[in-house]
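# A look at the structure
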Amino acid sequence: MAYVWRRIRVVVDAIERLVGGLGTAVLALGALLWALIVAVACLAGVGLLAAPGALRAVRAVADRERARLSRRGTPIPAPGPVPLGLRAAVRDPFVRRDLGWVTLHAITGLLSGLVGLALPLYALQDITFPLWYRLVPPEDGAPGMGWWRIESLSEAFVVGLVGLGWLAAAVGFSPALARVQEWPGRWLLPPPPGVDLSLRVAALTATRAAALDAHAVELRRIERSLHDGTQNRLVAVNVLLGAARRAVRRNPERADEILGQAQDAAEQALGELRTVVRGILPPVLDDRGLAGALAGLAGSCAVPCRLEVDVAVRCAASVEATAYFVVAEGLTNVVRHSGASQVDVTVRREQGRLLVTVRDDGHGDADEARGSGLTGIRRRVEAYDGRMTLTSPPGGPTRMHVELPCGS
Ligand SMILES: Nc1ncnc2c1ncn2[C@@H]1O[C@H](COP(=O)(O)OP(=O)(O)OP(=O)(O)O)[C@@H](O)[C@H]1O
Ligand SMILES: [Mg+2]
């Protein structure tokens, strides 16, 4: 039953994506036609004035698709306005990629969107046909199949069976159609490698601010744990020691009892201090290295966890600590929210980057906006100029992927 619900959510999600994609495909078709008319007019020598407007329209539609795709996976930054002047605009690599995208998406996006919408609509029409076949004159035939005369209920049921075929096709093909529809955008709309320097500067400025923010939050968290935990216990130790001092002459037995309480409170303070320290930089990383520390996390995870670590050269301590916190939060989330029966953690070092993936086979639908753990991870990772992507469609699986520059 759970599988059926999961499948229904996956299909509904895919249809929602297809409808969104169909919207941008219609806009892309409009922008493409306009750009083509302007291009032809330019060849005739009369359309030059309209060209910047057409390019701006293409950029506006492409930005819409960027925003749409960013909501459902790796964020795609918008490149900003089209450069002024036709010559600069035509040389701009973003403009060229936008034009390529608008052409592809106007065709593939429209086709896949129409097919993706038609399948469930045909299914609905044919499956419900036995309910309303009497309203259609027999010479009109079955819906969409005018040559097929339907004169009895049993024949109408055969049309209903055809509808089940459409339904199976919708269930089977919608997710793939949605992926096909998004493919041109995922391919052409991100910044081309090597020319995204200004975007990088903007992103670095933002992540630097996020890093400062993350540090402030971290300091506040440490301050709160010291204040609410350790400091309170030490105050209690102090009070108890004062009481013991006063009691020591009058009632040595009572003094001994109070000293015992003071010792307990001091031990608790120590315990809490240790937890706080562990939260700053897990000492287990120093003792056992990243692989050992992660094996400890995987071993104590309540959901069966497969761990694969392939890191021949150690990374900077702060990067290893970040990777450790990513896996710790990922596994905690899997246990708390995912309903998964298996989780895979892989950590690899590749071309100076540490790649961490936590993947579970649970019901998906993770949303950063609903808690602070995933947002905290994203901030921490971005503070190191790393990247985090979370894919968690309804129905699962959930995959958190983090890339961190190794810094060594
Ligand atoms: N692996 C997962 N599978 C399914 N849902 C998830 C998963 N991870 C997170 N979620 C969902 O995403 C939400 C946000 O997760 P996040 O870690 O940010 O917050 P949290 O775990 O609820 O609280 P905390 O701030 O203590 O981490 C969760 O409330 C949960 O509903
Ligand atoms: Mg969490």
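Residues numbered from 1 in each chain as written. Chains lettered and ligands numbered in written order. Predicted model: local features only at pLDDT ≥ 70, side-chain atom pairs only at ≥ 80, totals over all residues. Heavy atoms only, no water.

## Focus: the packing of helix α1 (residues 2-43) against helix α4 (residues 93-127)
In plain terms, the rule: Here an angle of 0 to 180 degrees is reported between the N-to-C directions of two axes, which are lines fitted to C-alpha atoms, with helices fitted over the stretch in contact. Under the DSSP-based scheme used, a helix requires at least four consecutive residues in state H or I and a strand at least two consecutive residues in state E, with every element numbered from the N terminus. Each angle receives one of four descriptions, namely roughly parallel if under 35 degrees, roughly antiparallel if over 145, roughly perpendicular if within 65 to 115, and oblique otherwise. Helix crossings are classified by the rotation of the near helix relative to the far one: an anticlockwise turn of less than a right angle makes the crossing left-handed, while a clockwise turn makes it right-handed. Side-chain classes are defined by residue name, with Ala, Val, Leu, Ile, Met, Phe, Trp, Tyr, Cys and Pro counting as nonpolar, Asp, Glu, Lys and Arg as charged, and the others, Gly among them, as polar.
Viewed as axis vectors pointing N to C, α1 and α4 meet at an angle of 140 degrees, and their least axial separation amounts to 7 Å. Here α4 runs oblique to α1, going by the angle between their axes. Here the hand of the crossing between α1 and α4 comes out left-handed. A per-class count over the contact of α1 with α4 returns 17 nonpolar, eight polar and no charged.

## Points about the side chain of T357
As a reminder, the rule being used: For this analysis, a polar contact is any N or O atom pair within 3.5 Å, provided that within protein one partner can donate a hydrogen and the other can accept it, and provided that sequence-adjacent residues contribute only side-chain to side-chain pairs. Here, residues are in contact when the closest pair of their heavy atoms is within 4.5 Å.
Secondary-structure assignment places T357 in strand β3 (residues 353-360). Within the structure, the side chain of T357 is placed 3.0 Å from the side chain of H401, a separation counted as a polar contact. Not counting residues up to four positions away in its chain, the partners in contact with T357 are D344, V345, T346, R399, M400 and H401.

## Thoughts on the domain arrangement of the protein chain
Filter applied, for reference: How far each domain reaches was decided by an automatic or database domain assignment. Buried area is understood as the total, over both parts, of accessible area removed when two parts are fitted together, assessed with a 1.4 Å probe. In what follows, salt bridge is the name for a side-chain nitrogen of Lys or Arg lying within 4 Å of a carboxyl oxygen of Asp or Glu.
By domain assignment, the protein chain separates into domain 1 (2-188), domain 2 (206-280) and domain 3 (283-405). When each unit is reduced to the centre of its C-alpha atoms, the spacing between domain 1 and domain 3 is 35 Å. Listed as interface residues are five residues of domain 1 and, on the opposing side, six residues of domain 3. By the criterion of area lost to domain 3, the three top residues of domain 1 are R6, R9 and T74, representing 62% of everything that side buries. On inspection of domain 1 and its partner domain 3, the count reaches one salt bridge. With its nearest N and O atoms 3.1 Å apart, the salt bridge here joins R9 to D365. The interface formed by domain 1 and domain 3 contains one residue pair in polar contact (both at pLDDT 80 or more). The class makeup of the residues in the side of domain 1 that touches domain 3 is one nonpolar, one polar and three charged.

## What to know about the coordination of the magnesium ion (ligand 2)
Under the convention used in this document: A 2.8 Å cut-off from the metal defines N, O and S donors, relaxed to 3.2 Å for Na, K and Ca; water is not in the atom list, so some sites may appear incomplete. Only protein chains enter the calculation, and the probe is 1.4 Å; a residue is then buried if its accessible area is under 20% of its type maximum, exposed if over 50%, and partly exposed in between.
Donor atoms from the polypeptide that coordinate the magnesium ion (ligand 2) comprise E329 (OE) and N333 (OD1), at 2.1 Å from the metal. Placement of both E329 and N333 in helix α10 (residues 317-338) is noted, with a separation of four residues, approximately one turn of the helix. Using a relative accessible area of 15% as the deciding quantity, one classes N333 as buried.

## Concerning the site of ligand 1
Rules: Only heavy atoms are used to decide nearness, and a residue is near a molecule or strand if one of them lies within 4 Å of it. Note on areas: Shrake-Rupley with a 1.4 Å probe; residue coverage comes only from the protein chains shown.
Around ligand 1 lies a shell of 15 residues, among which E329, N333, H337, S372 and L374 are the nearest. Relative to its unbound accessible area of 600 Å², ligand 1 is 83% covered by the protein chains. Within the residue set of the shell around ligand 1, elements represented by two or more residues are α10 and α11 (373-383). Examining the composition of the shell around ligand 1, we find that five residues originate from one element, α10, more than from any other. Its residues placed into classes, the shell around ligand 1 shows two nonpolar, eight polar and five charged.

## A word on the sheet that holds strand β1 (residues 305-310)
Heads up, the condition is: Pairing between two strands requires that DSSP report at least two bridges joining them.
Read across the open sheet, the five strands follow the order β1-β2-β3-β5-β4; overall the sheet is mixed. Pairing within the sheet leaves two strands with one partner each, and these edge strands are β1 and β4 (387-391). For this sheet, the mean angle separating the axes of adjacent strands, direction not counted, is 10 degrees. Across eight bridges, the pairing between β3 and strand β5 (residues 398-405) is antiparallel. Note on β5: the bridge partner recorded for V356 is V402. Strands in contact with helix α9 (residues 283-299) are β1, β2 (343-350) and β3; relative to β1, the strand with the most contacts, it is inclined by about 175 degrees. Those strands touched by α10 are β1, β2, β3 and β5, and its axis lies near 5 degrees from that of β3.

## Focus: the nonpolar core
Heads up, the rule is: The nonpolar core is taken to be a set of buried Ala, Val, Leu, Ile, Met, Phe, Trp, Tyr and Cys residues, with the residues joined through side-chain atoms within 4.5 Å.
Core analysis: the largest hydrophobic core is formed by 34 residues, its most contacted members being L331, L354, V356, M388, M400 and V402. Counting residues per element, the ones that place at least two in this core are α9, α10, β2, β3, α11, β4 and β5. The element that contributes the greatest number of residues to this core is α10, accounting for 10 residues. In contact with L331, other than residues within four places in its own chain, are L297, A298, C301, C305, V343, V345 and V358.

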